[in-house]
Structure formats: structure tokens, C-alpha cells
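Here are the chains, one letter per residue:
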Amino acid sequence: MTSISFEGVRALIKDNNLSKSESMIRHFISLEDQSAEAYYLLALTLYKKNKWDDAVNASLKAVEIASSYAEPKLLLAHIYFNQGKLDESISAAKLALEIAPDYSEAHHVLAQYYFAKGQTQDALLHVNTAIHCEPNFPEAYFTQGYIYYSSKLLEQAARSFKSAITVKPDYMEAMNQLALVLQDMNLHSEAESLYLKVIDSIPAYANAHNNFGFLLRKLGRSEQASESFLLANKFFNRKFIFQQPSTRIIAISNITKRYILAIKDFLVWNINGKVNQQAWQNFQYLNQATNNHSGNYFNQIIKTFSSPVKKKHVWQSSKLFYWANQTDISRILNTLNEDGLYICEQTLPIDVVEKMLQYTKTALKDLRVPFATGITAATYDSAAPMAKYHFDEASMLQHQIFQTIVNDPFILAIARAYFKVEPKFASLNLWWNLVYSRNPSSDLTQIFHMDISHLKSLKFFVYLNDTTNNTGAFSFVRGSHKSDIKGKKLRERGIVGISDEDICKVYGEDQIIDVVGTKGTVFIADTRGFHKCHRPLTGDRLLLEIHMVNSLFPCAKKKI
């Protein structure tokens, strides 16, 4: 294979013709297995196909053949990052720089990884070096700008984003971010002009509509702001919407194919716990196409595989839910089956709530900043809110108070009765919803939607501060967790926000339940039903969520 052929393979990879590129490279390697370039291109192809482990092996083989070849080491950094191995990513990028100290892309990548760890100074050092090595590097200017912005250095951030746009005039992401900086600098007219230019160029740019909405609301143009937020919701997460087939025959054929694939995914998952990359997509497609009847079908399979609960478990009293006794289980179960929501009459003991609050005052949070270059750690500051703060699950589970609530006998008893199999722990979440949050994902949760991450699940929520409709109360549509006919058209839309108007047309306003209460208020929901949280207007909301499921499929198996 000549160098020209290698360039041809690179072109195939760039065009996302991955099957052909993999076939060509594997054929070449079968004839000549000492080509570092061939193994690198194979690794790059496998990386783009999300075959992480195979991509790692191919990259390591390329490095073994040519230890002075920097590109495979940088590719390893990307692969490790996608596997959640941030320290390994940094080490691999550093190895690439040892070989090529002026490798601007490696400096840029290392800057992003350091920023993800919250090491701002190291991130700035490497992004500045990347720009020094390659002055016409628009993505590096963007990263530099975002690091400055996260540090509230607005003038420096503005200069960086302007530099990115100078190098790449059609860089709409940088233009949107520059508008956000100018907005924070109270240069409203300039910010508005930029937002309009971005939206005119990319009408489906959800983040630009979202940010523009905040500017319009700040300027008192509430009606226009509402229109921008609706457009942001319309375009956000469109990739999760599956196009409906044109005929019923095609629809039935597609559903049959997806069922076959989903059953295969499920069997493989039960054997080795591995998740096929398409498993969640198959699962989501079936849910949307069958009005969730596919989920009910798989739940029957789960009962068979998981040895259904037939014997009565010995009742254990709960120290947290001290008011509950065994006779309450059937009453709560009936309400959950009928409504999909149960609000507990009693709150958690105040000392339990205070222990959780004490944790929040000292722990670091993951500051979620979608559409940016990374995630940084920050301490919650009510006087200067920046985004939606999520606490780290692993850190929480090291504390006795959170271990206690996850393993609480009342929670396990309710989940067991609801699933009719032994419940599995899916996740523990704790987050602040802030009054001035600009996070697009929080804007989605503030519009009615449904959760379809697992086959069947229950979420146990606890308000850790007093909560009203003006401070982010949870809202649920009674009975919408069922596979009812009237909600079928709404479910066909997929994982998108549903307007209040559409919900009221289908279910009626009287079926919407707003959960308000003092700190320690507990409620349980099957979030396959339509739900949202009200946008906080007068105060921030702190919410704990314990997520229990009947099976971890189609997600990776998890231990605590």
C-alpha cells in the first residue's frame, strides 16, 4: 500500500465510510503487519466506530512499531477520555508532546483535559502554547475564551472569541459564546446582533435560541423570550427523535427488526454485562414506536430472568421513614400503579436532612456546562450562580448518610413491590437548580418530558430546601406513566419537551400535580410519566434523587 493509498483511507475515515476503511486496512495488515501508519488508521477507524478497547489495542500496536510516532499517542488520549479515564488521557497526551513538543493539537487537547479536571492554570498554559505553535488555530482560541469565561475574566474571554472568529469567520459556536460574554458585560445591543446572526446562519441552533431568550427576558421582552425558549426546546436533542415510517407495512417491518436486535442485545447483556452501542437506540425506538408496549414486554422477560418475588420478605422498619409500616406498602403501591406518583405524608427527620445539607456545604460539584470544552469543579455560590450544579455520585456514596438512604428498607420494599423482582440501584443524584441557570438540559427538564433510560424504574425524591412553584417544584401528569392511548401521539415524539398546552389538551389541567413542600418532603414517581420542574424564579432548589430499576439494561451493570 502506498502513501497515496493511506491518504485515500484517511479520506474514507473523514467521510465516515468506516466499514470500507476498516476492510482496506485489515486487508493490508494481513499482508504487512509492521506498518505503524496502518495500525494508527485502524485505531482511528475503530475509535470513530466507538469500539474503544479494539482502538486502544491498535493504537498501542502502532506505538510499539514506531515509538516516535506521536499521532497514535494523541489518539490514545482521546480514547481514554471517552472511556472516562481522564488521568490516562493526560498521560497519553504528554507522551505525544515528549515526541513532538510543538504539536499544537496535543497542547490543545491537554488544555481541555486539564480544564475538565478544574486545573485552570495548567489548561491556560497549554492552550496558550497551542496558539503560539499554531497562531491560526480557531478551536484553541475558543477553548482559551471559555477558560477565561469560566474564571469570569470577561474582557479576556471576549478577545479570545473574537480571535477565533477572525481566523474562522463562520465559527458560529464562537460567535454564540462571544454574544453570551457581551451579554454578561451588559453590551446588550452587540450581543443581540450576534445572536441574530448566529440564528440566521443556523436556525436550529438550540443553545443560541436559549441564550438569546435569557437576553430578551433580561431586557423585559418576555413574549419574545418565551418564543426563543420554545425554539430552543424544539431543536434541543433532535437526534433522539426517530422519523416515523411512511406506511404501516414499513412500520411493522422496522419494529420487528428492532425487536430482534433488542432481544439479542438483552441476551448478550445478561451473559456478559456488555452494552451494545446500538442497544439504547433500539430500546428507545421501540418505546416510541409501540407506545411503550415494548417496555411492558421486556418487563415480563425481566420477571422470568430475575426470579420474580414470590415469597414475603420479612418487614424491616426504617429509621428514615419511621412512620411507615407494612400495611402502608399496598396503599402506596396502589397509588403508584394508578397515578405514577406518591407524595409521602411525613418528611424525613430534620437531623437526616441537615447531615445531607452539611455535605453540600463542603463538597465540590461538577459544574455542568454543555456545548463547552469541558466540565470543571466549582463550589456553589448563591450570589453568583453559573449553571446547574451536580454533586459527584462516587463521593456521595462514601458518606454514611447516603449509603443509609440508598439501602433503606422502606425504599427497597416499595421498589420490590412495584417491580415484582429484586430492585437494582441505578443512580444517586443531588443537584441545585439555579434561578439564573443557562444550562440547556435544565431548560429541557423545565418542560414536560418523559424518562426512558431503563425498562421500569422508580425515583425517590427528597427536597433538601423548602420548595414552591417559584423555586422549582416538581410537576407530574397523573396516570401518564401508563401505555394509554391518549398519550400515544405525545410519546411518538421521542425524548423531547412537550408544551403545557399539549399536555393540557391530552390529559387536562386537573391531572397536573405540583409537588410543593418543606425541606425533607419525600415523593416517589415513575418518571416514564410526563413530568418537569418549574423554572426557579425567586430561589434555588436542592433535590436528592434515588433511582431504582427492575433491570440495569440497556445500561452497563453497576455495583455499589
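Residues numbered from 1 in each chain as written. Predicted model: local features only at pLDDT ≥ 70, side-chain atom pairs only at ≥ 80, totals over all residues. Heavy atoms only, no water.

(A) Examining the sheet that holds strand β8 (residues 512-515) more closely. Judged by pairing direction, the sheet is antiparallel, and its 3 strands sit side by side in the order β8-β7-β10 without closing on themselves. The open sheet is flanked by β8 and β10 (531-533), the only strands paired with a single partner. Going across the sheet, the axis of each strand differs from the next one's by a mean of 20 degrees, ignoring polarity. (Pairing = 2+ DSSP bridges. Helix = DSSP H or I, 4+ residues; strand = E, 2+ residues; numbered from the N terminus. Axes fitted to C-alpha atoms, helices over the stretch in contact; angles between N-to-C directions.)

(B) The side chain of Arg-528, seen in detail. Here Arg-528 lies in the loop between β9 (522-525) and β10. A polar atom in the side chain of Arg-528 sits 2.8 Å from the side chain of Asp-526. Excluding residues that lie within four positions of it along the chain, Arg-528 makes contacts with Asn-292, Asn-296, Asn-299, Tyr-418, Met-450, Asp-451, Leu-455, Lys-456, Ser-480 and His-481. (Polar contact = N/O pair within 3.5 Å; in protein donor to acceptor, adjacent residues only side chain to side chain. Contact = heavy atoms within 4.5 Å.)

(C) Representation of helix α18 (residues 326-339). The end-to-end C-alpha distance of α18 is 21 Å, a good match for the 20 Å that 14 residues give at a rise of 1.5 Å each. For α18, the set of buried residues is Asp-328, Ile-329, Ile-332, Leu-333, Leu-336 and Asp-339. Along the long axis of α18, the arc covered by the buried residues comes to 155 degrees, so they all point the same way. Exposed and facing more than 90 degrees away from the buried side of α18 are Thr-327 and Asn-334. Those residues of α18 that are buried lie in contact with β1 (341-343), α22 (409-419), β6 (457-463), β7 (474-477) and β9. Looking one or two places after α18, you find Gly-340, whose phi comes out positive at around 85 degrees. (Expected span 1.5 Å × (residues − 1). Buried < 20%, exposed > 50% of the residue type's maximum accessible area, 1.4 Å probe, protein only. Arc of directions from axis to C-beta.)

(D) Quick look at the pattern of salt bridges. Under the definition given, this model contains 19 salt bridges. Note that Lys-168 and Glu-139 form a salt bridge whose closest N and O atoms lie 3.8 Å from each other. Placement of Lys-168 in the loop between α10 (154-167) and α11 (172-184) and of Glu-139 in helix α9 (residues 138-150) is noted, with a sequence separation of 29 residues between them. Judged by its relative accessible area of 30%, Lys-168 is partly exposed. Its salt-bridge partner being Glu-422, residue Arg-416 comes within 2.9 Å of it at the nearest N-O pair. (Salt bridge = Lys/Arg side-chain N within 4 Å of Asp/Glu carboxyl O.)

(E) Inspection of empty space enclosed by the protein at higher detail. What the rule picks out here adds up to 1 cavity of 30 Å³ or more. The volume enclosed by the largest cavity comes to roughly 60 Å³. As for the largest cavity, its lining consists of Asn-287, Asn-292, Met-450, Asp-451, Ile-452, Ser-480, His-481, Lys-482, Arg-491 and Arg-528. Looking at the lining of the largest cavity residue by residue, the classes come out as 2 nonpolar, 4 polar and 4 charged. (1 Å grid on protein atoms, 1.4 Å probe; cavity = no way out; pocket = protein on both sides within 12 Å on 5 of 7 lines; lining within 4 Å. Points joined across faces, edges and corners; volume = space filled by probe spheres on them. Nonpolar A, V, L, I, M, F, W, Y, C, P; charged D, E, K, R; others polar.)

(F) Inspection of unusual backbone geometry at higher detail. At Lys-152, a residue that is not glycine, the phi angle is positive and equals roughly 65 degrees. Inspection of the secondary structure assignment puts Lys-152 in the loop between α9 and α10. A relative accessible area of 48% means that Lys-152 is categorised as partly exposed. Of note, the phi angle at Asn-186 is positive, near 65 degrees, even though the residue is not glycine. Mapping Asn-186 onto the fold places it in the loop between α11 and α12 (188-201).

(G) A look at the pairing of β9. Side-chain alternation along β9 places Val-522 and Ile-524 on one buried face and Phe-523 and Ala-525 on a second face that is also buried. Examined bridge by bridge, β1 and β9 share 3 bridges and lie antiparallel to one another. Looking at the pairing, Ile-343 lines up with Phe-523 of β9. Strand direction decides the pairing type here: β6 and β9, joined by 4 bridges, are antiparallel. Looking at the pairing, Phe-460 lines up with Ile-524 of β9.

(H) Fine view of the confidence of the model for the protein. With 84% of its residues at a pLDDT of 70 or more, the protein shows a mean pLDDT of 82. Per-element confidence in the protein is highest for β9, whose mean pLDDT is 97, and lowest for helix α23 (residues 440-445), whose mean pLDDT is 47. Within the model, pLDDT remains below 50 along residues 237-242, and this stretch shows 16 contacts once partners closer than five positions in the same chain are excluded. (pLDDT = per-residue confidence, 0-100.)

(I) Region of the structure containing the packing of aromatic side chains. Tallied over the entire structure, the rule returns 18 aromatic pairs. Ring geometry for Phe-461 against Phe-523: centres 5.0 Å apart, planes inclined by 20 degrees, an arrangement best described as stacked. One end of the pair, Phe-461, is in strand β6; the other, Phe-523, is in strand β9, with 62 residues separating them in the sequence. You'll find Phe-461 and Phe-523 in the same group, each marked buried. Stacked on the ring of Tyr-171, the Lys or Arg Lys-168 has its end atom at 4.7 Å from the ring centre. (Phe/Tyr/Trp six-rings, centres within 6.5 Å; stacked < 30°, edge-to-face > 60°. Lys NZ or Arg CZ within 6 Å of the ring centre and 35° of its normal.)

(J) The packing of α12 against helix α13 (residues 206-218), seen in detail. In contact at an axis separation of 10 Å, α12 and α13 are set at 150 degrees when each is read in the N-to-C sense. The orientation of α12 with respect to α13, classified from their angle, is roughly antiparallel. In this structure, α12 crosses over α13, and the sense of that crossing is left-handed. Contacts from His-188, Ala-191, Glu-192, Tyr-195, Leu-196, Val-198 and Ile-199 in α12 reach Ala-208, His-209, Asn-211, Phe-212, Leu-215 and Lys-218 in α13. Among the residues making up the contact of α12 with α13, the classes are represented as 8 nonpolar, 3 polar and 2 charged. (Parallel < 35°, antiparallel > 145°, perpendicular 65-115°, else oblique. Left-handed = near helix turned anticlockwise from the far one by under 90°.)

(K) Spatial organisation of helix α8 (residues 120-133). The end-to-end C-alpha separation of α8 is 20 Å, in line with the 20 Å expected for 14 residues at 1.5 Å each. Within α8 the residues assigned to the buried category are Thr-120, Ala-123, Leu-124, His-126, Val-127, Ala-130 and Ile-131.

(L) Inspection of a nonpolar patch on the surface at higher detail. A cluster of nonpolar side chains, namely Ile-263, Leu-267 and Tyr-297, defines an oily patch on the protein surface of about 240 Å² accessible area. Within the element layout of this structure, Tyr-297 appears in helix α17 (residues 293-305). (Patch = residues over 30% accessible without salt bridge, like charges linked within 9 Å, V, L, I, M, F, W, Y side chains within 5 Å. Areas by Shrake-Rupley, 256 points an atom, 1.4 Å probe, with all protein chains shown as cover.)

(M) Quick look at the pairing of β7. Side chains Phe-474 and Phe-476 project from β7 onto one buried face, and the interleaved Ser-475 and Val-477 project onto a second face that is buried too. Inspection of the sheet shows β7 paired to β8 by 4 bridges, in the antiparallel sense. If you follow Phe-476 over to β8, its bridge partner there is Ile-513.

(N) Just the environment of Leu-537, in detail. Turning to its location among the elements, Leu-537 is positioned in the loop between β10 and β11 (541-549). C-alpha separation for the pair Leu-537 and Gly-472, spaced 65 residues apart in sequence, amounts to 7.7 Å. Among residues more than four places away in sequence, those in contact with Leu-537 are Val-435 and Asn-470.

(O) Layout of the side chain of Ser-480. Note on placement: Ser-480 falls in the loop between β7 and α24 (488-491). Classification of Ser-480 by relative accessible area gives buried; the value is 0%. Within the structure, Ser-480 has its side chain in polar contact with the backbone oxygen of Val-477 (distance 2.8 Å).

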